[in-house]
Amino acid sequence: MFDVRHRFPGITEGDHQGWARFDGPAGTQVVDSAIEASAAWQRSGNNANSHGAFPAADACDELVERTQQTVGELLHADPGGFVFGPSTTANVFSITRAIGHDLVPGDEIVCTRLDHDSNISPWMLMAEDAGATVRLADFDTTTGRLPTDRVTGLIGDRTRWVAVTGASNAIGTMPDVTAITAAAHAAGANVVVDGVHLTPHAPVDIGAIGCDVFSTSSYKWYGPHAGITWIEPELLDRLHAYKVRPAPDTGPGRFMLGTPAYESIAAIDAAARFLLDTGVDEIRCHERQLFERLLGGLLADDRVTVHGPHDLADRAPTLAFDVDGRTAEQVAVALAADRIAVWDGHYYALEVMASYGIAGAVRAGIAAYLTVDDVDRLVGAVRRIASGA
Ligand SMILES: Cc1ncc(COP(=O)(O)O)c(C=O)c1O
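Conventions we followed
- Residues numbered from 1 in each chain as written.
- Predicted model: local features only at pLDDT ≥ 70, side-chain atom pairs only at ≥ 80, totals over all residues.
- Heavy atoms only, no water.
- Helix = DSSP H or I, 4+ residues; strand = E, 2+ residues; numbered from the N terminus.
- Rg over C-alpha atoms; globule rule 2.2 N^0.38 Å.
- Buried < 20%, exposed > 50% of the residue type's maximum accessible area, 1.4 Å probe, protein only.
- Contact = heavy atoms within 4.5 Å.
- Areas by Shrake-Rupley, 256 points an atom, 1.4 Å probe, with all protein chains shown as cover.
- Lys, Arg positive; Asp, Glu negative; His and termini not counted.
- Charge placed at Lys NZ, Arg CZ, Asp CG, Glu CD.
- Core = buried A, V, L, I, M, F, W, Y, C linked by side-chain atoms within 4.5 Å.
- Domains from an automatic or database assignment.
- Near = heavy atom within 4 Å.
- Polar contact = N/O pair within 3.5 Å; in protein donor to acceptor, adjacent residues only side chain to side chain.
- Nonpolar A, V, L, I, M, F, W, Y, C, P; charged D, E, K, R; others polar.
- Salt bridge = Lys/Arg side-chain N within 4 Å of Asp/Glu carboxyl O.
- Axes fitted to C-alpha atoms, helices over the stretch in contact; angles between N-to-C directions.
- Parallel < 35°, antiparallel > 145°, perpendicular 65-115°, else oblique.
- Left-handed = near helix turned anticlockwise from the far one by under 90°.
- Pairing = 2+ DSSP bridges.
- Buried area = accessible area lost by both parts, 1.4 Å probe.
- Expected span 1.5 Å × (residues − 1).

## Here's the deal with the overall build of the protein
Counting its secondary structure elements, the protein contains 14 helices and 13 strands. Taken against the 2.2 N^0.38 rule, which gives 21 Å for 389 residues, the C-alpha radius of gyration of the protein at 21 Å falls within 12% of a compact globule. Taken over the C-alpha atoms alone, the protein extends approximately 65 × 55 × 30 Å along its principal axes. In the protein, which comprises 389 residues, the share counted as buried stands at 56%. Sequence-distant contacts in the protein: of pairs separated by 6 or more residues, those separated by 24 or more amount to 69%. For the protein, the exposed surface amounts to about 15800 Å²; the carbon and sulfur share of it is 50%. Of the charged side chains in the protein, 29 are positive and 51 negative; the average position of the first set lies 4 Å away from that of the second.

## Things to note about the nonpolar core
One finds W123 and F321 to be the most contacted residues of the largest nonpolar core, which totals 128 residues. The leading source of residues in this core is helix α10 (residues 262–278), at 10 residues. Each of domain 1 (5–31 + 280–386) and domain 2 (35–276) gives at least three residues to this core.

## Section: the site of the ligand
In the vicinity of the ligand, the residues found are S87, T88, T89, H116, S118, N169, D194, V196, H197, S217, Y219 and K220. Between H116 and the ligand, the recorded distance is 3.5 Å, taken from a side-chain N or O atom to an oxygen atom. Within the side chain of D194, one N or O atom sits 2.6 Å away from a nitrogen atom of the ligand. Expressed as a share of its isolated accessible area of 390 Å², the protein-covered part of the ligand is 90%. Its residues assigned to classes, the shell around the ligand comprises 2 nonpolar, 8 polar and 2 charged.

## Describing the pattern of salt bridges
Pairing between side chains of opposite charge can happen when their charged atoms approach one another. Summed over the entire model, instances satisfying the criterion amount to 17 salt bridges. Of the charged contacts, one joins R135 and E108 as a salt bridge, the two residues approaching to 3.6 Å between their closest N and O atoms. Of this pair, R135 sits in strand β4 (residues 133–137) while E108 sits in strand β3 (residues 108–112), placing them 27 residues apart in sequence. When its relative accessible area of 33% is taken as the criterion, R135 is described as partly exposed.

## Section: the packing of helix α12 (residues 328–337) against helix α14 (residues 372–386)
Remark: α12 packs on α14, axes separated minimally by 10 Å, with the N-to-C direction vectors making an angle of 125°. When the interaxial angle is binned, α12 and α14 end up oblique. Regarding α12 and α14, the two cross each other, and that crossing is right-handed. Along the contact surface, α12 presents V331, A334 and L335, while α14 presents L378, A381, V382 and I385.

## Comments concerning the sheet that holds strand β9 (residues 304–307)
Pairing is antiparallel across the open sheet formed by 4 strands, whose spatial order is β9-β10-β13-β12. The sheet is open, and its two edges are formed by β9 and β12 (343–345), each paired on a single side. Across the sheet, the mean angle from the axis of one strand to that of its neighbour is 35°, orientation sign disregarded. Sheet topology places strand β10 (residues 318–323) next to strand β13 (residues 361–365); 4 bridges connect them, and they run antiparallel. Bridge pairing in β13 places T318 opposite G365.

## Here's the deal with the domain arrangement of the protein
Partitioning the protein into structural domains gives domain 1 (5–31 + 280–386) and domain 2 (35–276). One C-alpha centre belongs to domain 1, the other to domain 2, and the line joining them spans 26 Å. For the pairing of domain 1 and domain 2, the buried interface totals around 3100 Å² over both sides, and the portion due to carbon and sulfur atoms is 60%. Remark: the boundary between domain 1 and domain 2 carries 2 salt bridges. A salt bridge links R145 to D311, with the shortest nitrogen-to-oxygen separation between them at 2.4 Å. Across the contact surface, domain 1 and domain 2 share 19 residue pairs in polar contact (both at pLDDT 80 or more). Looking at the side of domain 1 that touches domain 2 element by element, the count peaks at 6 residues for helix α13 (residues 350–356).

## Here's the deal with helix α3 (residues 55–75)
Across its 21 residues, α3 extends 30 Å between first and last C-alpha, which sits within 8% of the 30 Å expected from 1.5 Å per residue. Count one or two residues on from α3 and you reach H76, which has phi positive near 55°.

## Here we look at the sheet that holds strand β6 (residues 190–194)
Strand order across the open sheet formed by 7 strands is β2-β8-β7-β6-β5-β3-β4, with mixed pairing between neighbours. Both outer strands of the open sheet, β2 (82–85) and β4, are each paired with one neighbouring strand and no more. On average, each strand axis in the sheet is inclined to that of its neighbour by 20°, with strand direction left out of account. Sheet topology note: the β2/strand β8 (residues 227–231) ladder contains 4 bridges and is antiparallel.

Right, dumping it as C-alpha cells:
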C-alpha cells in the first residue's frame, strides 16, 4: 500500500499534527531526507564556495553537479542546463530580461490566461521595454481546458516566444505542452513551460516535450524553497545574461546570480531523489484516487461550485471551489477551525480568476502524504459549512 506519510515530520510531529494539509499547491511539507540533507550539509564543513583549491570548495562543485544530474534524471533533460535560483519567479525575470535584449519592436510573445502570474508579468514588463506585444490565449471557462489551437492560433510571423503552463496551480488543467511546443517551433518561436505545478503530480520528460526552457520549484515537491530552471544548453550560452563580469560566460553559472544556496541544493537533491525512489507514477496513482473522491464529493453538493474541469483527464489533483452564500475567506476560516488547511484568494493566478469573473476561490490540492480520511474530513466540513451548521 502506498504510504509516505511517515516521511513527513511536518505532518506527523509537532504543532501541526492532526491538520489535513490541502495547502500543498502553495508549498508542500518537506520530506525527512531533504531536511536532513540540508542540515548535514551545513554541519559538514563543506560550506564554502565554488572553484577553490581545497576539499570543501570541491565539495560545493560536486554538490551542484550531482544535483544537476539528479534533477536531470527526474525531468529527463541534459543536466548541463539546470540553473538553481531563489524561486521560479526570480528565474523567469532573469530569463525574460535576457530574452528581451534580443527582441525588436513589433515582435510578439504568446502567454496564456491559465498561467500563474510569474509566467505573464515578467513577459509583459519585458515586452514594454522591448516594444514587443504580449498576446494572451484564453482558456475555455466552460470546460476549464486550454485547447491547443487557442494558443497556436495566436502564433504568427512575429511570434518569438510562447510561454505556457504545464499545469494550472488554480484549477489543475494540464494543456498539451508537447503539441504547443511543436507548433511554436514549426513557426520559429521558442517555448517556456512553467512546470511548477506539473512536476509533483506527473512524470516529466523535458526531452519529449521539446521545450526550450522549463521551470520548477522544489518547495512544491517536498523540498526546500528554491527555483530550478532548465535552459536548453545552446540557448543558455547564447542568451544575453545580465550577470556580473567575473561570473561564468558559459553554462548555468551565467544565470545563477551570486553564491548559490548550497544547503538548499543539498535538499533539492534529496527531494528529487525522494520522487525518483517513490516514483512519480505511484504518487500520481495515489493522488488520483484521493482526488476522485474529493472531486466527486464536492460535485455531489449543488451548493458547491467547482471551477475548472469536472473530470479527471489531463489534470493535476488541484481544484478551486466556492460555497453558496459564503466568501472564499469565510470558507477557509471555517475549515481552519476544523484543522483543515486550504488556500483562498487568487494564488497569483490572476487571469484565471478574471476569466471566471471572480476575485478568488477556495483551493484544495492533493499531496502524496494525504489520506482518504483527510479527504472525507474536507468534504464533510464543506457540507456542514454549506448547510450553515
Ligand atoms: C504554477 C506556478 N508557477 C509559478 C509559481 C511561482 O513559483 P515561485 O514561488 O518559486 O516563484 C507558482 C507558485 O505558486 C506556481 O504555482
